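Chains, contacts and geometry: an overview
The primary structure of each chain is shown beneath.
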Amino acid sequence: MRLMREVRFSVGPSVGSPITNSWGGWPTASNVQPYLVLRSRVDGEPDPVTGVVCNIAAIDRLVRERTIPLVSRLVHQPRVTGETLIQAVAADLRPHPPAGTQWIDWRLFVTPYLSYGLTRGAFTMIDVSQQFEFSASHRLHCDGLSDEENRSTFGKCNNPNGHGHNYVVEVTLTGEPDPLSGVLLPVDQFEHTVRKHAIEKLDHKHLNHDCPEFAGLNPSVENIVRVVWRMLVDRFAPAVLKRVRVWETPKTFAECEG
Ligand code: NI
């Protein structure tokens, strides 16, 4: 059984104050301060009596006692990067799994959209995920089906003149950070590549009519993932494209990995 726990915190002077709002984050950003989120996962057997893998308060305690002071120290140092920060956090937590569990992985969000992940079993590799947006029209329609079959299969998504979505794309890279710079790939280079090779080709387009990538290809969210993958794969060396996830609405995403 896997268990995920998220701890939200700001990096500021209020370490040691009472916990007043762990939802909004503790220490509270009582002034304008960096705000981070650490997602940790553990696995283990749920206790037959209590039904829990571990007490989530034990994870919170570890993060509050170890990680928050560590990040508060490191974040103001020159040359600290997201990659070096998650490496330091994971190296510090790894010898201290909550009782009865093993750590699986950790993911540090430095913004709501940009995060750095590290897995216990692949300790030199870092994942970097960033989100992007584009708006586009599409019509779900297959030339190989009759009009009636298209209507019954895709319903209102088969509307002849199309309809629109605000798509969110999350791109995840993986690899070993450069030992000198401490980064896997500079974030601006990462973003420029995604923007140039994917977002600009799709944004404010009618996918069926404006985008040759969808010629003869139904622009379902699954096929959008496939197209974005093909647009981006092999463009991030020495980092490797690990995963593409596309939300068509906040309720629907598709993804492919590896
Ligand atoms: Ni649609």
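Residues numbered from 1 in each chain as written. Predicted model: local features only at pLDDT ≥ 70, side-chain atom pairs only at ≥ 80, totals over all residues. Heavy atoms only, no water.

1. Quick notes on the nonpolar core
Of all hydrophobic cores here, the largest spans 60 residues; its most connected members are Phe9, Leu38, Val171, Leu173, Leu232 and Phe236. Counting residues per element, this core draws most heavily on helix H6 (residues 221-232), which supplies eight residues. Shared between two domains, this core takes at least three residues from each, and those domains are domain 1 (2-120) and domain 2 (127-257). Not counting residues up to four positions away in its chain, the partners in contact with Leu38 are Arg5, Glu6, Val7, Phe9, Val63, Thr67, Ile86, Val89, Leu93, Trp106, Arg107 and Leu108. (Core = buried A, V, L, I, M, F, W, Y, C linked by side-chain atoms within 4.5 Å. Buried < 20%, exposed > 50% of the residue type's maximum accessible area, 1.4 Å probe, protein only. Helix = DSSP H or I, 4+ residues; strand = E, 2+ residues; numbered from the N terminus. Domains from an automatic or database assignment. Contact = heavy atoms within 4.5 Å.)

2. Re the domain arrangement of the chain
Domains assigned within the chain are domain 1 (2-120) and domain 2 (127-257). One C-alpha centre belongs to domain 1, the other to domain 2, and the line joining them spans 31 Å. Each side of the interface is counted separately: domain 1 has 11 residues, and domain 2 has 13 residues. Interface area, domain 1 with domain 2, both sides summed: about 960 Å², of which 45% is carbon and sulfur. (Buried area = accessible area lost by both parts, 1.4 Å probe.)

3. Thoughts on the coordination of the nickel ion
Coordination of the nickel ion by the protein comes from His138 (NE2), His163 (NE2) and His165 (NE2), over a distance range of 2.0 to 2.1 Å. Donor residues binding the nickel ion come from one chain and are separated in sequence as H-x24-H-x1-H. (Donors = N, O, S within 2.8 Å, 3.2 Å for Na, K, Ca; no water.)

4. Concerning the pattern of salt bridges
In this structure the tally under the stated criterion is 13 salt bridges. Notably, a salt bridge pairs Arg8 with Glu6, separated by 2.7 Å at the nearest N-O pair. Residue Glu6 is classed as partly exposed on the basis of its relative accessible area, which comes to 22%. Note that Arg107 and Asp127 form a salt bridge whose closest N and O atoms lie 3.7 Å from each other. One end of the pair, Arg107, is in strand S3 (residues 102-109); the other, Asp127, is in strand S5 (residues 122-138), and 20 residues separate them in sequence. (Salt bridge = Lys/Arg side-chain N within 4 Å of Asp/Glu carboxyl O.)

5. Considering the packing of helix H1 (residues 56-74) against helix H2 (residues 82-93)
Two elements in contact, H1 and H2, have axes separated by 10 Å at closest approach and are oriented at 145°. In terms of crossing hand, the pair formed by H1 and H2 is right-handed. Touching Leu62, Arg66, Thr67, Leu70, Val71 and Leu74 of H1 are Leu85, Ala88, Val89, Asp92 and Leu93, all from H2. Here the contact of H1 with H2 is built from residues that sort into eight nonpolar, one polar and two charged. (Axes fitted to C-alpha atoms, helices over the stretch in contact; angles between N-to-C directions. Left-handed = near helix turned anticlockwise from the far one by under 90°. Nonpolar A, V, L, I, M, F, W, Y, C, P; charged D, E, K, R; others polar.)

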